[in-house]
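# Observations on the three-dimensional arrangement
What follows is the residue order along each chain.
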Amino acid sequence: MPEPESQNGLRQEPEPEQEPKSNPKPETETEPEPNPQPEPNLEPEPNPQLETETEPEPEPNPQPEPNPQPETEPEPNPQPETELVPTEQTQTQLELESGSVADPSVNNADLRETAIHSNDADTNPSPHPQLRKDEGSRTFTMRELLNGLKNDSEPEREDANSPYSPESQQQQHSDQNNAAMDLINSVVGVDEEGRSRQRILTFAARRYATAIERNPEDYDALYNWALVLQESADNVSPDSTSPSKDALLEEACKKYDEATHLCPTLHDAFYNWAIAISDRAKMRGRTKEAEELWKQATRNYEKAVQLNWNSPQALNNWGLALQELSAIVPAREKQKIVRTAISKFRAAIQLQFDFHRAIYNLGTVLYGLAEDTLRTGGSMSAQEVSPNELYSQSAIYIAAAHALKPNYSVYSSALRLVRSMLPLPHLKFGYLTAPPVGTTIAPHNDWKRSEFLLDHERLQQIPRGEQRQVPQSLSGRSTDAVNGDKKTIRVDIADIISVSACADLTLPPGAGLCINTSHGSVFLVADSWESLDGWLDAIRLVYTIYVRGKSDVLAGIITG
């Protein structure tokens, strides 16, 4: 698959291919439509009442026959007794349940009269109501009390037509599973290897579909099924329309959405979801739809980093998504997004010093920023970095990436473009404020701003009034070097133990730099915090290249 070209002529380096679950996919990114959740039924559902059967009127002289209530049917919620007018049938039944025998002398006229008197009593209550023989305090059976208590404690059953009922959710999952399986079954690999791989993916998809049918809340199965759909999209020919790559990625995004709803801490799902979103965005060019997809991808990368901060791959891909987004947004928003992308690449390198992809990508974004700054022109403040300095920084990162991976043709091509922007025969040139030679603590007035050079062997201070080119024959392991009659600060790369930013009251105001060596610590102060980031990265990269045994490659780059 050809590497994507950027506007500045440098191509971005993708991530390695994705391994199942633990090792996520390449840097390619694209966004799914969020899984549509069923809208809640805003109309209140009626409280299900038991239907009462209409029974014929009994004979005038009813015979007392037992009419037990079924235990399986819940009793209706008890209502206040004053609101109910017992019918002839229910009156007889209540007397039977309470252990009394129905009086055969009570006829229909008496019952109707009782009902009329009860209503009158409700309307015009008398202070001393007279009770008839068929009225009075009702006696409840134990069965009625227990059933009433059971009805009060049991939750109401959900309507089967509700979108949140188990039957509705099961049907929804079944429909989604069938749609996803239809997409996977229609994928045919472009070659024999692709067809063989697709057969394995189809088998895996069936297993995950079965697992989800058994347990719709199995987020692991949903996550793995999304990976299968995402991998299947890679087996689709670019010109295929049935199924299309975008349809498979969209379905994968839906599965990632479901999985993260069930398990909001599943950082791998957020990471691979962002990759799928980015792949979809790339298909749409520089459109408004693509802009929205890139924004969604950056949000998912951010979530993945929040859940797993120790992921240089997520930080690198986050920076790439921001870099793509910066090419679409209006010009007034571009520089802020680009500088955010730079910070993500830098954070990835600080987690893994030999992460050559992030190193190279940082070089490309700095190159683009230099071209934009040069194109727009205008006055620059003292805090802003000049275009020439940005070009030089870009060349440092691309040279370091090539030194770590000299066989990568992308890095080699980019290096040929930017090598002339290095301060040859050195890697970096700049200014640092340093104390007098041989001292680490000195009055602030004794610290002087001077030139420093960095190459594959050492960091060297240039004495005042001398040319920038320092003879490369200088050797030795001491921190202080003698150049003629003048002493200068020199730090050999082989002696470095650690490099870090520091803030100490003994240092002059500014961005402090501490280099711990086997001979002691060296303290320097950069002109700004942004300048300090450049020095920190450059020294760390040279040291990493030395540890990896690639110093000769770096020496060949800067010495020709």
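Keep in mind it's a predicted model, so treat the numbers as computed, not measured.

### Section: the overall build of the chain
Helix and strand counts for the chain come out as 16 helices and 8 strands. When each of the 560 residues of the chain is scored for burial, the buried share is 43%. Pairs at least 24 residues apart make up 65% of the contacts formed inside the chain by residues separated by at least 6 positions. Element-wise, carbon and sulfur atoms account for 51% of the exposed surface of the chain, whose accessible area totals about 30,600 Å².

### A few points about the packing of helix 6 (residues 219–234) against helix 7 (residues 245–262)
Contact geometry for helix 6 and helix 7: axes closest at 8 Å, N-to-C directions at 165 degrees. With respect to helix 7, the element helix 6 is oriented roughly antiparallel. In this structure, the crossing between helix 6 and helix 7 has a hand that is left-handed. Residues Tyr219, Leu222, Tyr223, Trp225, Ala226, Leu227, Leu229, Gln230, Ser232, Ala233 and Asp234 of helix 6 form the contact with helix 7, whose own contacting residues are Lys245, Leu248, Leu249, Glu251, Ala252, Lys255, Tyr256, Glu258, Ala259 and Leu262.

### Focus on the environment of Gln230
Its place among the elements puts Gln230 in helix 6. Sequence-wise, Gln230 and Ala252 are 22 residues apart; in three dimensions their C-alpha atoms are separated by 5.9 Å.

### A word on the pairing of strand 1 (residues 428–434)
Most of strand 1 is tucked away, with 6 of its 7 residues classed as buried. Here 7 bridges tie strand 1 to strand 2 (residues 448–454), and the two strands are oriented antiparallel to one another. When the sheet's bridge partners are listed, Lys428 is paired in strand 2 with Leu454. Judged from the 2 bridges that link them, strand 1 and strand 8 (residues 520–526) form a sheet pairing that is antiparallel. Within strand 8, the residue paired with Thr433 across the bridge is Val525.

### Focus on the pattern of salt bridges
This model, assessed by the stated rule, comprises 15 salt bridges. The shortest N-O distance in the salt bridge between Asp537 and Arg346 comes to 2.8 Å. Here Asp537, found in helix 15 (residues 529–547), pairs with Arg346, found in helix 11 (residues 331–351); they are 191 residues apart in sequence, far enough to count as distant. When its relative accessible area of 3% is taken as the criterion, Asp537 is described as buried. For Arg346, a relative accessible area of 10% gives the class buried. Arg375 serves as the salt-bridge partner of Asp372, at 2.7 Å between the closest nitrogen and oxygen.

### Quick look at the packing of aromatic side chains
In this description, an aromatic ring pair is defined by two values, namely the gap between the centres and the angle between the planes. Inspection of every chain in the model, using the stated rule, returns 8 aromatic pairs. Arranged with centres 5.4 Å apart and planes meeting at 70 degrees, the rings of Tyr367 and Tyr391 form a pair that is edge-to-face. With Tyr367 in helix 12 (residues 356–376) and Tyr391 in helix 13 (residues 387–404), the pair connects residues that are 24 residues apart, well separated along the chain. A relative accessible area of 6% places Tyr367 in the buried class. Classification of Tyr391 by relative accessible area gives buried; the value is 12%. Ring centres of Phe429 and Tyr431 lie 5.9 Å apart, and the angle between their planes is 65 degrees; on these two criteria the pair is classed as edge-to-face. For Phe429, a relative accessible area of 17% translates into the label buried. Joined through ring pairs, the aromatic side chains of Tyr360, Tyr408 and Tyr411 make up one cluster.

### A closer look at helix 6
With 16 residues, helix 6 should reach 22 Å at 1.5 Å per residue; the first-to-last C-alpha distance of 23 Å fits that figure. Burial of helix 6 is extensive: 13 of the 16 residues sit out of reach of the surface.

### Looking at the side chain of Gln461
With respect to the helices and strands, Gln461 occurs in strand 3 (residues 458–461). Accessibility expressed as a relative area gives 11% for Gln461, which makes it buried. Within the structure, the side chain of Gln461 is placed 2.8 Å from the side chain of Ser450, a separation counted as a polar contact. Beyond its immediate sequence surroundings of up to four residues, Gln461 is in contact with Ala434, Val437, Ser450, Glu451, Phe452, Thr488 and Ile489.

### Digging into the nonpolar core
Formed by 112 residues in total, the largest nonpolar core has its most connected members in Leu459, Ile515 and Leu524. Sort the elements by how many residues they give to this core and helix 13 lands first, with 11 residues. Among residues more than four places away in sequence, those in contact with Leu524 are Leu432, Thr433, Ala434, Pro435, Trp447, Phe452, Leu459, Ile489, Ala511, Gly512 and Leu513. With 6 residues, the next largest nonpolar core counts Ala442, Cys502, Leu507 and Val525 among its residues.

### As for the confidence of the model for the chain
Looking at the chain, the pLDDT average stands at 74 and 60% of residues meet or exceed 70. Segment residues 1–137: pLDDT under 50, and 216 contacts once partners within four positions in sequence are set aside and those in other chains are kept. Predicted confidence for residues 469–485 stays below pLDDT 50, and this span has 44 contacts to residues more than four positions away or in other chains.

### Quick word on unusual backbone geometry
Between Leu424 and Pro425 the backbone carries a cis peptide bond, its omega angle lying at 5 degrees. Tracing the sequence through the fold places Pro425 in the loop between helix 14 (409–418) and strand 1.

### Here we look at the side chain of Ser392
Following the sequence through the fold, Ser392 ends up in helix 13. Using a relative accessible area of 13% as the deciding quantity, one classes Ser392 as buried. In this structure Ser392 touches Met421, Leu422 and Pro423, once residues within four positions along its chain are discounted.

Analysis parameters
- Residues numbered from 1 in each chain as written.
- Predicted model: local features only at pLDDT ≥ 70, side-chain atom pairs only at ≥ 80, totals over all residues.
- Heavy atoms only, no water.
- Helix = DSSP H or I, 4+ residues; strand = E, 2+ residues; numbered from the N terminus.
- Buried < 20%, exposed > 50% of the residue type's maximum accessible area, 1.4 Å probe, protein only.
- Contact = heavy atoms within 4.5 Å.
- Areas by Shrake-Rupley, 256 points an atom, 1.4 Å probe, with all protein chains shown as cover.
- Axes fitted to C-alpha atoms, helices over the stretch in contact; angles between N-to-C directions.
- Parallel < 35°, antiparallel > 145°, perpendicular 65-115°, else oblique.
- Left-handed = near helix turned anticlockwise from the far one by under 90°.
- Pairing = 2+ DSSP bridges.
- Salt bridge = Lys/Arg side-chain N within 4 Å of Asp/Glu carboxyl O.
- Phe/Tyr/Trp six-rings, centres within 6.5 Å; stacked < 30°, edge-to-face > 60°.
- Expected span 1.5 Å × (residues − 1).
- Polar contact = N/O pair within 3.5 Å; in protein donor to acceptor, adjacent residues only side chain to side chain.
- Core = buried A, V, L, I, M, F, W, Y, C linked by side-chain atoms within 4.5 Å.
- pLDDT = per-residue confidence, 0-100.

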